Amino acid sequence: MGKLTVEIKDHEYEVHIGREAYSLFATDYAALLDSADRIGILADENVAELHLPLLQEALRKNGRDILVKTVPAGESCKSPAVYVECQSFLLQNNFTRNSLLIAFGGGACGDLTGFVAATFMRGIRYVQCPTTILAHDSAVGGKTAINMPEGKNMVGSFHQPSGVIFQTELFETLPPREIRSGMAELLKHAFISDKDWTDALLSNPSFSKPSVEWLATELLKGIDVKARIVAEDEFEHSTRKFLNFGHTFGHAVEAVCGFGGLSHGECVMIGMAYSLILSEEQDGSIDAEVTKRFIQFALSNGYTFQPVHEHSFEQFLQYMEKDKKASFGKLNFVLLNEVGKPYVTEVTREHCEFAFDRLREKTEGEPIR
Ligand SMILES: NC(=O)c1ccc[n+]([C@@H]2O[C@H](COP(=O)([O-])OP(=O)(O)OC[C@H]3O[C@@H](n4cnc5c(N)ncnc54)[C@H](O)[C@@H]3O)[C@@H](O)[C@H]2O)c1
Ligand SMILES: [Zn+2]
């Protein structure tokens, strides 16, 4: 079983990844469970339907009564209404400051549970049991949030978990779109940290159908990149921004397409192509061949660039300007000096538009899925 320690100033925790990882509840995590007066699982309803007995069985070995609240699947659980329901659920079941929550689902359920835990009685402990590939990114680092009618992730806090446990068999039920989503974030971690690893991923014929064993080692590498950056910059003042590679444009694609058509990572894939083109324009930066290879790789692995052909630059710009990372009207991007070497820079509107036109040219004539 893979294991890694996240070291944040006042808070250290472990990430475990492998088959039958939930058996750790009876060993490494037994003391944590014992120290809680109440334990509750907040479970994504799809994940609960598929896998809840597995988690309950592992927890039962500890002999504790565990309460379960299922929440709507995916992004729809990150709403103020569901957040309030969860808080009421805890209050009605006599949870206290010494209780423990377990997040059981993808990044959405993890974000919701983290924020519920961060704010219930001014903060209680929680464990992440993530069930998607993408969650190798979201479950580590302590960012939690829910959405508002005005925008995504607008209300949240930093609250680190007590542990993160991935039982990799659960990935076997992921639909192809969710696999593509998570794999895009893995590729992002490679692009911002390591040229050889990026090359290896771009040459991997099983990228869109990864085996569970391969995932365990690769996701640990991705988690390591994230954990090291977060340890250096917990509150996103400096290097943590590198994790936003592909996200300024990617978030705009998500917003323009109305959150739902494409998964988060599929939008980030488009955003990474856009950032590579912007990087090409900077001195001594990315070679056009890198972008070309990336776009071909994306297309042959089932990703699409259709949104940039269906919407105007102005539509994307409007959202990029609203992005939390845009300050005082300037557009900030994470670009690459070379693969593995990210930096943050401001880009003018004109450059942004030029890169958009180039992205259209480079992805013209792609098959419509
Ligand atoms: N906190 C952070 O640092 C951070 C970082 C990145 C993303 N996020 C957040 O993560 C969320 C996206 O997370 P996600 O991509 O994991 O998707 P998700 O949680 O929205 O889940 C996607 C879909 O997959 C289903 N699912 C989950 N696990 C499954 C399994 N094992 N088998 C079958 N179906 C399964 C869910 O029911 C849902 O329908 C977004 O809300 C995003 O804002 C947070
Ligand atoms: Zn992301």
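Here's a quick rundown of the structure. (Residues numbered from 1 in each chain as written. Chains lettered and ligands numbered in written order. Predicted model: local features only at pLDDT ≥ 70, side-chain atom pairs only at ≥ 80, totals over all residues. Heavy atoms only, no water.)

**Comments concerning the overall build of the protein chain**
To keep it simple, the criterion reads: Put simply, DSSP marks the helices as runs of H or I at least four residues long and the strands as runs of E at least two long, and each gets a number from the N terminus on. When we talk radius of gyration, it's over C-alpha atoms, and the globule rule is simply 2.2 Å times the number of residues to the 0.38. Remark: exposure states derive from per-residue accessible area (1.4 Å probe, protein chains only) relative to the maximum for the residue type, with buried under 20%, exposed over 50%, and partly exposed in between. Between two residues, a contact is recorded if the distance between any of their heavy atoms is within 4.5 Å. Computed with a 1.4 Å probe, the accessible areas rest on the Shrake-Rupley method; for each residue, only the protein chains presented here act as cover. In this count, Lys and Arg are taken as positive residues and Asp and Glu as negative ones, while His and the chain termini are left out. Each charge is placed at NZ for Lys, CZ for Arg, CG for Asp and CD for Glu.
Scanning the protein chain from N- to C-terminus turns up 14 helices and 11 strands. For 369 residues, the compact-globule estimate of 2.2 N^0.38 gives 21 Å, and the protein chain sits close to it at 20 Å. Its C-alpha atoms give the protein chain principal-axis dimensions of roughly 60 × 40 × 40 Å. Buried residues in the protein chain amount to 57% of all 369 residues. Looking at the protein chain alone, contacts between residues at least 24 apart form 75% of all its contacts between residues at least 6 apart. Accessible surface, the protein chain: about 15,500 Å² in total, of which carbon and sulfur atoms supply 50%. Measuring between centres, the 36 positive side-chain charges of the protein chain sit 3 Å from its 51 negative side-chain charges.

**Topic: the coordination of the zinc ion (ligand 2)**
Inclusion rule: Each metal site lists N, O and S donors within 2.8 Å (3.2 Å for Na, K and Ca). With water left out of the atoms, a site can look as if it is missing ligands.
Around the zinc ion (ligand 2), the protein contributes the donor atoms Glu185 (OE), His247 (NE2) and His264 (NE2), which lie 1.9 to 2.1 Å from the metal centre. Residue glutamate 185 is classed as buried on the basis of its relative accessible area of 1%.

**A word on helix H14 (residues 349–362)**
This is how it is decided: Here the expected span of a helix is defined as 1.5 Å times the quantity of residues minus one. Of all possible arcs, the one meant is that of the directions from the helix axis to the C-beta atoms.
In this model H14 runs 20 Å from its N-terminal to its C-terminal C-alpha over 14 residues, within 8% of the 20 Å that 1.5 Å per residue would give. Residues of H14 that are buried include every one of Cys352, Ala355, Phe356 and Leu359, and no others. Summarising the axial view, the buried residues of H14 lie within an arc of 105 degrees, below the 170-degree limit, and thus occupy one face.

**Quick look at the site of ligand 1**
Note the cut-off: Near residues are defined by distance, with any heavy atom within 4 Å of the molecule or strand qualifying the residue. Pairing of N or O atoms within 3.5 Å defines a polar contact, subject to two protein rules: one partner must be a possible hydrogen donor and the other a possible acceptor, and residues neighboring in sequence count only if both atoms are side-chain atoms.
Taken together, 26 residues lie around ligand 1, and Glu75, Lys78, Gly107, Thr132 and Thr173 are the ones closest in. Within the side chain of threonine 131, a nitrogen or oxygen atom sits 2.8 Å from a nitrogen atom of ligand 1. Within the side chain of lysine 152, an N or O atom sits 2.8 Å from an oxygen atom of ligand 1. When residues of the shell around ligand 1 are traced back to their parent elements, those giving at least two are helix H2 (45–60), helix H4 (107–119), helix H5 (135–138) and strand E8 (151–158).

**Regarding the sheet that holds strand E1 (residues 2–8)**
Operational definition: Whether two strands pair comes down to DSSP finding at least two bridges between them. Throughout, an axis means a line fitted to C-alpha atoms (over the contacting stretch in the case of helices), and angles, computed between N-to-C directions, take values from 0 to 180 degrees.
Read across the sheet, seven strands follow the order E1-E2-E9-E6-E5-E3-E4 without closing on themselves; strand pairing throughout is mixed. At either end of the open sheet lies a strand with only one pairing partner, and these are E1 and strand E4 (66–71). Neighbour-to-neighbour, the strand axes of the sheet open up by a mean angle of 15 degrees, direction not taken into account. In this structure, strand E6 (residues 125–130) lies alongside strand E9 (residues 163–167), joined through two bridges in parallel fashion. Directly across from glutamine 128, in E9, lies its bridge partner valine 164. Sheet strands in contact with helix H3 (residues 80–92) are strand E3 (39–44), E4 and strand E5 (100–105), and its direction is about 165 degrees off that of E4. Its contacts with the sheet put H4 on E3, E4, E5 and E6, and the angle it makes with E5 is roughly 165 degrees.

**Some details on the nonpolar core**
The following threshold applies: Working definition of a nonpolar core: buried Ala, Val, Leu, Ile, Met, Phe, Trp, Tyr and Cys residues. They are joined through side-chain atoms within 4.5 Å. For the domains described, the bounds stem from an automatic or database domain assignment.
Ranked by internal contacts, the top residues of the largest apolar core, which has 77 residues, are Leu187, Phe191, Phe249, Tyr274, Phe294 and Leu359. Looking at which element gives the most residues to this core, the answer is helix H10 (residues 264–281), with 10 residues. The residues that make up this core include at least three from each of domain 1 (2–173) and domain 2 (180–362). Residues within four places of tyrosine 274 in sequence aside, it is in contact with Phe249, Phe313, Met320, Phe333, Cys352, Glu353, Ala355, Phe356 and Leu359. In this structure, Ala21, Tyr29, Ala43 and Val47 belong to the second largest nonpolar core, which totals 24 residues.

**Regarding the environment of aspartate 28**
Checked against the element boundaries, aspartate 28 lands in the loop between strand E2 (11–18) and helix H1 (30–34). Judged by its relative accessible area of 45%, aspartate 28 falls in the partly exposed class. A distance of 3.1 Å separates polar atoms of two side chains, one belonging to aspartate 28 and the other to threonine 27.

**Re the pattern of salt bridges**
Rules: The term salt bridge refers to a side-chain nitrogen of Lys or Arg lying within 4 Å of a carboxyl oxygen of Asp or Glu.
A complete count under the given rule lists 23 salt bridges for this structure. Measuring nitrogen to oxygen at the nearest pair gives 2.8 Å for the salt bridge that ties glutamate 266 to arginine 177. Of this pair, glutamate 266 sits in helix H10 while arginine 177 sits in helix H6 (residues 176–191), and the two are 89 residues apart along the sequence. With relative accessibility at 2%, the residue glutamate 266 sits in the buried group. Relative accessible area serves as the criterion here: at 30%, arginine 177 is assigned to the partly exposed category. A single salt-bridge network, built from bridges that share partners, covers Glu280, Glu281, Arg358, Glu361 and Lys362.

**Quick word on helix H7 (residues 195–202)**
For H7, the set of buried residues is Trp197, Thr198, Leu201 and Leu202. Along the long axis of H7, the arc covered by the buried residues comes to 135 degrees, so they all point the same way. Looking at the packing, one finds that the buried side of H7 touches H6, helix H8 (212–232) and helix H11 (288–300). You can read the cap of H7 off the contacts: a side-chain oxygen lies 3.0 Å from the backbone nitrogen of aspartate 196, and it is on aspartate 194.

**A closer look at the packing of aromatic side chains**
Just so we agree on the cut-off: Aromatic contacts are taken between Phe, Tyr and Trp rings whose centres are within 6.5 Å, Trp giving its six-membered ring; a plane angle under 30 degrees counts as stacked, one over 60 as edge-to-face, and the others as tilted.
According to the stated counting rule, one finds 15 aromatic pairs in the structure shown. Arranged with centres 6.3 Å apart and planes meeting at 65 degrees, the rings of tyrosine 22 and phenylalanine 104 form a pair that is edge-to-face. Within this pair, whereas tyrosine 22 is found in the loop between E2 and H1, its partner phenylalanine 104 is found in strand E5, the two being separated by 82 residues in sequence. There is no split in this pair, since tyrosine 22 and phenylalanine 104 are both buried. Of the aromatic side chains, those joined through ring pairs into one cluster are Phe249, Tyr274, Phe313, Phe316, Phe333 and Phe356.

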